Amino acid sequence: MIHSPPERISTGVSGLDEILHSGLIPGRSYLVRGDPGTGKTILGMNYLTAGVEVDETVLFVNLEESEEDIRANAVTLGIDLSDVHFLDLSPDSDIFVDDQSYDIFSPSEVEQEPLTTAITERVESIAPDRVFIDPLTKLRHLTSDTYQFRKQVMAFMRYLKEQGATILLTSESTPDSPDHDLQYMTDGTIQLEQPDMSRVISVPKFRGSSIREGKHSMRIEQGGLAVYPELTTVGHDAEFVAEPIPSGVTEIDDLLNGGIERGTVTVLSGPTGVGKTTAGTQFMKEAASRGERSVIYMFEESTETFMRRNEAIDIPVGEMMEQGALEVEEVEPLDHSAMEFAREVRNEVKKNETDIVMIDGLQGYKLSVSGENDEMLVRKLHTLSRYLKDMGVSVILVDEIQSVTGEFQATEAGISYLADNIVFLRHLEIAGEMRKAIGVLKKRTSDFERTLREFKITDHGLEVGEPLTGLRGVLSGAPEWTGPKSASTLENGR
């Protein structure tokens, strides 16, 4: 006989449920590990209140903090524990005031029996569906040795399971008293960590099911824990036509053999002030005319400045935003992890069926997204880009290179391998005057024009000239005229 898998129960944290492929398996025991301050008790609160929301009876067995302190801490986080039953086994002031001592019997012999009685009476009186024990390792001090502790814990968890409860418990692991035994005895382990001022969560053990492996971003906020699973490209595919997306500027589209294809990644690279963001926004302006939606994530510029610049060159971003054709999101420095940012982008695409996503710019992304080194950030950007491509979204990555002129460099962020298309812009010095040029370095999906064209930003939008076939050394930033035309004729656009 084939038995269907049991229905999962929520941990109370949607991102963690996603990592566990829909939540915990009922009737089992799970260990939450982590240093002080990593959020173990908060996870337990979320777990219990999730049970309350589905009319379950839940029990908080607190062995360290008092019930009063726990309820007060929950209020500060906006967590309602009013319907949570407590069994408060935390030490009170009487232990200190009365100066209790044991002259004949050890503490384990004196305290264990009334403790066991208190637990069993409470469990049998309310018949909890969920039990949270914080921290179970406190019981280690009430047993005579490690063997007895393991024996008591196994019997305790078996008793709770027989009563129909699903158990979540925390541990305090120290070098002198590790919790390896609890890891073996429980059905799953949830690990909370706080490396380099960031917070991560992982599930190194989960019996009876696969899980999403790896370390995932986490934060503590109003309502408890928020978990942001690392984005995966598996199972995310959308049907779309890989058609060219034009910019609306004929000469740019000629360079790109019709435009950038839907579901590709385009890198716009160049030094500061050359027009990278403007060129990317031009594709969004044209998309808006087709009734499509775009979103820009601004890492280095304010929305106000962005709007003012574009309105001045006849790109009506304000009107586009009012119509819902464009969304501009400012990303606050050091306020996101890479996984949080990826989840935000994914939600935008799924909710609004967004067609174009632009990240402006990559240097700001690397500085602003917290908690990762450069190599790891690029890997996460690769995963995000791959997901967006599979969903038929056109991705534009704005990459600023440091050199204004001089030796040509395509990108500085180490992301050229991600790109299906690389469009570069350059500052040029011609006859003592600073000018700009645009060209295409790479296009995977079709042929492209291999010449460079002069690039201008005017009051009427973008203007791109004829191919600069009479110049050499353009990529050096200091070109020399070799054709029959003079620099003055180039200036006149002929």
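This report concerns the structure included in the present document.

Calculation rules
Residues numbered from 1 in each chain as written. Predicted model: local features only at pLDDT ≥ 70, side-chain atom pairs only at ≥ 80, totals over all residues. Heavy atoms only, no water. Buried < 20%, exposed > 50% of the residue type's maximum accessible area, 1.4 Å probe, protein only. Helix = DSSP H or I, 4+ residues; strand = E, 2+ residues; numbered from the N terminus. Arc of directions from axis to C-beta. Contact = heavy atoms within 4.5 Å. Patch = residues over 30% accessible without salt bridge, like charges linked within 9 Å, V, L, I, M, F, W, Y side chains within 5 Å. Areas by Shrake-Rupley, 256 points an atom, 1.4 Å probe, with all protein chains shown as cover. Salt bridge = Lys/Arg side-chain N within 4 Å of Asp/Glu carboxyl O. Lys, Arg positive; Asp, Glu negative; His and termini not counted. Charge placed at Lys NZ, Arg CZ, Asp CG, Glu CD. Pairing = 2+ DSSP bridges. Axes fitted to C-alpha atoms, helices over the stretch in contact; angles between N-to-C directions. Core = buried A, V, L, I, M, F, W, Y, C linked by side-chain atoms within 4.5 Å. Expected span 1.5 Å × (residues − 1). Phe/Tyr/Trp six-rings, centres within 6.5 Å; stacked < 30°, edge-to-face > 60°. Lys NZ or Arg CZ within 6 Å of the ring centre and 35° of its normal.

Looking at helix α10 (residues 303-311), one finds that the buried residues are T303, F306 and N310. An end-on view of α10 places all buried positions within 65° of arc, on one side of the element. Set apart from the buried face of α10 by more than 90 degrees, the exposed residues are E304 and R308. Where the residues of α10 are buried, they touch α9 (276-289), β13 (294-298), α11 (317-322) and β14 (326-330).

The subject of this paragraph is a negative patch on the surface. Judged by side-chain charge, E311, D314, E319 and E322 come together as a negatively charged surface patch. Of note, D314 is situated in the loop between α10 and α11.

Attention now goes to the pairing of strand β16 (residues 356-360). Counting buried residues along β16, five of its five residues qualify, which places the element largely inside the surrounding structure. Burial along β16 is two-sided: the face carrying I356, M358 and D360 and the face carrying V357 and I359 are both buried. Summarising the sheet, β13 and β16 pair through five bridges and their orientation is parallel. Following the sheet pairing, Y297 is matched in β16 by I359.

Turning next to the sheet that holds strand β21 (residues 453-458). Reading across from one edge, β14-β13-β16-β18-β12-β19-β20-β21-β22 is the order of the nine strands in this open sheet, with mixed pairing throughout. Edge positions in the sheet fall to β14 and β22 (461-467), since each of these pairs with one other strand and no more. The mean inter-strand angle of the sheet, taken between neighbouring strand axes irrespective of direction, is 20°. The pairing of β21 with β22 spans five bridges and is classified as antiparallel. Across the sheet, R453 pairs through a bridge with P467, a residue of β22. Against the sheet, α9 touches β12 (265-270), β13, β14, β16, β18 (394-400), β19 (421-430), β21 and β22, its axis set at about 165° to β16. Docked against the sheet, α10 engages β13 and β14, running at close to 140° with respect to β14.

Further remarks concern the nonpolar core. Counting residues in hydrophobic clusters, the biggest one holds 35 residues, and the most contacted among them are I252, L326, I438 and F455. Top element by residues in this core is α9. It accounts for five residues. Counting residues in hydrophobic clusters, the runner-up holds 34 residues, among them L16, V84, L192 and I201.

The end-to-end C-alpha separation of helix α12 (residues 338-352) is 21 Å, in line with the 21 Å expected for 15 residues at 1.5 Å each. All of the buried residues in α12 are A338, M339, E340, F341, A342, R343, V345, R346, E348 and V349. After α12 finishes, the residue E353 shows a positive phi value of roughly 50°.

Turning our eyes to something else, we now look at the pattern of salt bridges. Enumeration over the complete set of coordinates arrives at 27 salt bridges. In this structure, the salt-bridge partner of K380 is E230, at a minimum N-O distance of 3.5 Å. Residue K380 is located in helix α14 (residues 374-390), and its partner E230 is located in the loop between β9 (224-228) and β10 (244-245); the two are separated by 150 residues in the primary sequence. Look at K380 and you get buried, because its relative accessible area is 10%. The structure contains a network of salt bridges with shared partners spanning E243, R262, R290, E292 and D355.

Right, let's talk about the environment of G324 for a bit. Of note, G324 is situated in the loop between α11 and β14. Classification of G324 as partly exposed rests on a relative accessible area of 31%. Between the C-alpha atom of G324 and that of N352, which follows or precedes it by 28 residues, the distance is 9.6 Å.

D134 connects to P135 through a cis peptide bond whose omega is -15°. Note on placement: P135 falls in the loop between β4 (130-134) and α6 (146-162). Of note, the amide linkage connecting D360 to G361 takes the cis form, showing an omega dihedral of 0°. If you trace the backbone, G361 turns up in the loop between β16 and α13 (362-368).

What follows deals with the packing of aromatic side chains. Counted under the stated rule, the structure contains seven aromatic pairs. Pairing Y297 with F341 gives two aromatic rings, centres 5.1 Å apart and planes at 85°, and the pair type is edge-to-face. A residue pair is termed long-range when its members are at least 10 positions apart, and Y297 in strand β13 and F341 in helix α12 qualify at 44 residues. Owing to a relative accessible area of 1%, Y297 belongs among the buried residues under this scheme. A connected cluster of aromatic rings, assembled from ring pairs, spans Y297, F299, F341 and Y365. Taking the ring centre of F448 as reference, the NZ or CZ of R450 above it sits at 4.3 Å.

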